[in-house]
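Residue strings, one per chain:
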Amino acid sequence: MSYKLQILAGDGIGPEIMAEVKKLIGWINETTDTKIETADGLIGGASYDEFGEPLTDETLEVSKACDAVILGSVGGPKWDGVDYNERPEAGLLKLRKELDLFANLRPALVFDALIDASTLKPEIVKGLDILIVRELTGGVYFGEPRGIEDLGNGERRGVNTQVYTTSEINRVACVAFDLARKRSNKVTSCEKANVMESGKLWREDVTALHKAEFSDVELEHMYADNCAMQLLRNPSQFDVIVTDNLFGDILSDEAAMLTGSLGMLPSASLGVEGSSAVYEPVHGSAPDIAGQGVANPLATILSFAMCLRYSLDEQDLAQKIEDGVQKVLTDGLRTPDIMADNCKKISTSEMGDALIEAIK
Ligand code: NAD
C-alpha cells in the first residue's frame, strides 16, 4: 500500500523530534511493502517567519490532499509580540477548524518501565490503558452568545454558552463506540446531566445511539466531577471515556498526568470520514531545550503509530512501533526527561536509532 503524509515539524523541538519520525518512515519504505511519501510544510512561527502567517492556504491544501498530517509543535517566546491572529497557535487552530477535526483522541498508557514516573502508587497505575475521546469543535469554547459586557457602576459580565446538538453528540459518540470495539469494549460517557441541559441532552442522545447501533458495547454514564475523582482513585475501571470539549480538556490532562511523562504522550484529532486527521504529541515546542538534541521523540513517534493504526489501517506496523517503544524503555534507554536510576541517558537521535534496532 502507498500513502502520502504531510509533515509539519513546526517550532522549537519540533524539527528534532520529527527527524526521528522521518527515520522510521525511511525504514518502513526500505524494508516493508508499505510505501509512505512525505510532503514537508511549515506551520506556526516557522511559517510566520517565512510567509508572514502561521499557516498558508497552500500548506492547508496539501494537508487536505494527504492521507494524514503529522505535526510537531508550535510556538515559542520569539513570537510573543506577534498579533493574536498571526501567532503560531493560530496556525494550529486554523488547521483544526479547516479540517473539521471534531474528535480528539488522547491515550493514557502507562509503560511498565516508567511506572515510577507517575505520582500515583504503582499498583494503581500498573497496566493502565485509557483512551479519552474529547469533542473538539463545539461546546462552551465556541458557543454563542459570548463576550464581556460593561454593566456600568464598575460591574462587568462575562458570558460563554455551552451548546450541543444531537448530530454533534452522535458523531463523537460514534467514534468512541467504534474505538471501544477495537479495545476492551467499554465506553464511559461523562457530562453534568444533573445540573446542565446540554448534559441531559448528551446523556439521552448517547443512550439512544447506544441502543440503536452499539448495544454490544458496555456503556456507563458518569458525572464529569465523579470521573475526575475516579481517575485518581481507580483509573483501571476505564477503557474509553467520551466527553465534551470543556470536560475533555480537563479530564484528558488529568489522565495524561497519570502516566507522569509529557514526552511520552501522543494524540490524534479525527475529522469526518475521508478527510485527513492530524497526529501530534501532547507537549509543546519546549523552547527551553530546543536545539540541544535532548528532547524525547517518543510522543511524536507514538503519534505516528496512531496514524498508522487509525488513518492508514496498518495495524501490524503500529503494533511493531509500540512494542519497540516498550522494548527500548525496558532496555533502560532514556532521554533526560524520563531518566531513572540504572538507566542509560541517550540523545534524541540515539532514541530514534535504538527504536529502529528494537523493531528490527
Ligand atoms: P511544553 O510542553 O513545550 O514544555 C513544558 C516542559 O516539558 C518544558 O520543561 C519542556 O522542556 C518539557 N518537554 C516538553 N516536551 C518535551 C519532550 N518531548 N522531551 C523532553 N522534555 C519535554 O509547554 P510550555 O513550556 O508551556 O510551552 C512552550 C511553547 O509551546 C509555548 O509557546 C506554547 O504555546 C507552545 N505549546 C504548543 C503546543 C502545540 O503545539 N500543540 C502545545 C502546548 C504548548
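Residues numbered from 1 in each chain as written. Predicted model: local features only at pLDDT ≥ 70, side-chain atom pairs only at ≥ 80, totals over all residues. Heavy atoms only, no water.

Participant: Help me understand the site of the ligand, please; the structure alone is not making it clear to me.
Facilitator: Taken together, the neighbourhood of the ligand is formed by 20 residues, with Val74, Glu89, Gly284, Ala286 and Asp288 sitting nearest. In this structure, an oxygen atom belonging to the ligand sits 3.1 Å away from a main-chain N or O atom of glycine 76. A distance of 2.9 Å is found between a nitrogen atom of the ligand and a backbone nitrogen or oxygen belonging to asparagine 296. The protein chains hide 66% of the 810 Å² of surface that the ligand would expose on its own. (Near = heavy atom within 4 Å. Polar contact = N/O pair within 3.5 Å; in protein donor to acceptor, adjacent residues only side chain to side chain. Areas by Shrake-Rupley, 256 points an atom, 1.4 Å probe, with all protein chains shown as cover.)

Participant: Before we go on, may I ask you to explain a negative patch on the surface in this structure?
Facilitator: Together, Glu53, Glu58, Glu61, Asp83 and Glu86 make up a negatively charged patch on the protein surface. By the secondary structure assignment, glutamate 53 is in the loop between helix 2 (45-51) and helix 3 (57-65). (Patch = residues over 30% accessible without salt bridge, like charges linked within 9 Å, V, L, I, M, F, W, Y side chains within 5 Å. Salt bridge = Lys/Arg side-chain N within 4 Å of Asp/Glu carboxyl O. Lys, Arg positive; Asp, Glu negative; His and termini not counted. Charge placed at Lys NZ, Arg CZ, Asp CG, Glu CD. Helix = DSSP H or I, 4+ residues; strand = E, 2+ residues; numbered from the N terminus.)

Participant: When you look at the pattern of salt bridges in this model, what are you seeing that I'm missing?
Facilitator: Where charged atoms of side chains with opposite charge meet at close range, the side chains can pair. All told, the structure shown has 24 salt bridges when counted by the stated rule. Across the salt bridge formed by glutamate 98 and lysine 64, the nearest N and O atoms sit 3.4 Å from each other. Placement of glutamate 98 in helix 4 (residues 88-98) and of lysine 64 in helix 3 is noted, with a sequence separation of 34 residues between them. Judged by relative accessible area, which is 39%, glutamate 98 ranks as partly exposed. With a closest N to O distance of 2.8 Å, arginine 181 and aspartate 216 form a salt bridge. Of the two residues, arginine 181 is situated in helix 6 (residues 166-181) and aspartate 216 in the loop between helix 7 (197-213) and strand 9 (218-223); the sequence distance between them amounts to 35 residues. Relative accessible area serves as the criterion here: at 45%, aspartate 216 is assigned to the partly exposed category. In the salt-bridge network here, residues are joined through shared partners; they are Glu20, Lys23 and Asp353. (Buried < 20%, exposed > 50% of the residue type's maximum accessible area, 1.4 Å probe, protein only.)

Participant: Looking at this model, I keep getting lost on the domain arrangement of the protein chain. Mind explaining?
Facilitator: By a widespread convention, an interface's size corresponds to the accessible area lost as its parts come together. Domain boundaries in the protein chain define domain 1 (1-102 + 271-360) and domain 2 (108-263). Each of domain 1 and domain 2 has a C-alpha centre, and these two points are 25 Å apart. Both faces combined, the contact of domain 1 with domain 2 buries some 1400 Å², and carbon together with sulfur accounts for 68% of it. The interface formed by domain 1 and domain 2 contains one salt bridge. Where domain 1 meets domain 2, there are three residue pairs in polar contact (both at pLDDT 80 or more). Among the secondary structure elements, those contributing two or more residues to the side of domain 1 that touches domain 2 are helix 10 (298-310) and helix 11 (315-330). (Domains from an automatic or database assignment. Buried area = accessible area lost by both parts, 1.4 Å probe.)

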